[in-house]
Amino acid sequence: MQFILKILYINMNTANYKNKEKTFKVLVLGDVGTGKTSFIRRYVSQKFFINYKATIGSDFALKVIDWDENCQIKLQLWDIAGQERFSSMTRVYYRDAVGAFVAFDVTRAATFDAVAKWKQDVDTKLILPTGLPIPAVLLANKCDQESIVRKDKVNKLCEDLGFLCSFETSAKENIGIDESIKFLLTKILETEQSVSSNAGVGLPEKEPPARNCCACHYPKTKSLMNDVDG
Ligand SMILES: Nc1nc2c(ncn2[C@@H]2O[C@H](COP(=O)(O)OP(=O)(O)OP(=O)(O)O)[C@@H](O)[C@H]2O)c(=O)[nH]1
Ligand SMILES: [Mg+2]
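Residues numbered from 1 in each chain as written. Chains lettered and ligands numbered in written order. Predicted model: local features only at pLDDT ≥ 70, side-chain atom pairs only at ≥ 80, totals over all residues.

Participant: Sorry, what's going on with the pairing of strand β2 (residues 58-68) here?
Facilitator: The side chains of a regular strand alternate, residue by residue, between the two faces of the sheet. Note that β2 and strand β3 (residues 71-80) share 10 bridges and pair antiparallel. Residue pairing in the sheet places L62 in a bridge with Q76 of β3. Between the antiparallel neighbours β2 and β3 lie two residues. (Pairing = 2+ DSSP bridges. Helix = DSSP H or I, 4+ residues; strand = E, 2+ residues; numbered from the N terminus.)

Participant: Can you walk me through the sheet that holds strand β1 (residues 21-30) in this structure?
Facilitator: Strand pairing in a sheet takes place through backbone hydrogen bonds and is either antiparallel or parallel in direction. Taken in spatial order, the six strands make up an open sheet running β2-β3-β1-β4-β5-β6, and their pairing is mixed. Among the strands making up the open sheet, the edge pair consists of β2 and β6 (165-169). On average, each strand axis in the sheet is tilted by 25 degrees relative to the strand beside it, whichever way the strands run. Where strand β5 (residues 136-141) and β6 come together, five bridges link them in parallel fashion. Paired with N141 across the two strands is T169, which belongs to β6. (Axes fitted to C-alpha atoms, helices over the stretch in contact; angles between N-to-C directions.)

Participant: In this structure, what is going on with the nonpolar core? I would like to understand it.
Facilitator: Considering soluble globular proteins, one finds that nonpolar side chains tend to be buried as a cluster. In terms of nonpolar packing, the biggest core is built from 49 residues, with V28, V102 and V137 touching the most fellow members. Other than its neighbours up to four places away in sequence, V137 contacts F101, F163, L164, C165, F167, S180, F183 and L184. (Core = buried A, V, L, I, M, F, W, Y, C linked by C-beta atoms within 7 Å. Buried ≥ 20, exposed ≤ 12 C-beta atoms within 10 Å, placed from the backbone. Contact = placed C-beta atoms within 7 Å.)

Participant: So what exactly am I meant to see when it comes to the site of ligand 1 here?
Facilitator: Taken together, 24 residues sit near ligand 1, with G35, T37, S38, T55 and G82 positioned nearest. In terms of residues, the shell around ligand 1 owes the most to one element, helix α2 (residues 36-45), which gives three residues. Split into classes, the residues belonging to the shell around ligand 1 amount to seven nonpolar, 13 polar and four charged. (Near = placed C-beta within 6 Å. Nonpolar A, V, L, I, M, F, W, Y, C, P; charged D, E, K, R; others polar.)

Participant: I would appreciate a short explanation of the confidence of the model for the chain in the present structure.
Facilitator: It should be kept in mind that the predicted coordinates are not to be read in detail where pLDDT is low. Averaged over all residues, the pLDDT of the chain is 83; the fraction at 70 or higher stands at 77%. Counting contacts from residues 3-15, a segment whose pLDDT is below 50, to residues more than four positions away or on other chains yields zero contacts. Confidence over residues 200-230 falls short of pLDDT 50; this stretch has 57 contacts with residues more than four positions distant or in other chains. (pLDDT = per-residue confidence, 0-100.)

Structure below.
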């Protein structure tokens, strides 16, 4: 009897744990050379390469995160090429994504100007059952270098385009990477909860962008991020 009870207990525990396994597809978008591949590579394998090699079409990396004692997240990071010639493919790449990063390079104003195009592209092609856009975060990448884009302009764009937040990041110096990903995952989990609990009725209309949230809200949490092969 005790033996049967023990098996039942183990099965229940396993089932419980499996219920909390989640797979999230997250897009990483932005113009050519803004550092999308470097951002993903830094996060998944803690590596950085100074040489540039353009992404062709799209690429993909996986990281398994022990989010808390009940929940494991399989995070698929989709690295979408910035080159214009691949833009006709984005609808296919975007399918089933639940969150997005849009990156610009703080040393090149043209990449900042292109953010609106990327955000609008994803907003028109992906809509939640609530009718709202998927959670998105703006990345001011290469912050190890001098920025030519003023912070107030970044904040205004963030608000105007409906980003949840912006983060200053450096794939080179490993700044803001874990923090921005943890922030977006938190928002994806919240969104998922509201959508499934009441078809989105509880979802905030439009979350006000958290100002000055770059990195400082989220202390480094490397222990949360258990590396697997990407
Ligand atoms: N200084 C500095 N250089 C960076 C950073 N991130 C990326 N780079 C460099 O910027 C160049 C472009 O980086 P990628 O990650 O390949 O850019 P991408 O956005 O994937 O480019 P596409 O694949 O063409 O869309 C490379 O030479 C990187 O080494 C950063 O945070 N700081
Ligand atoms: Mg790339």
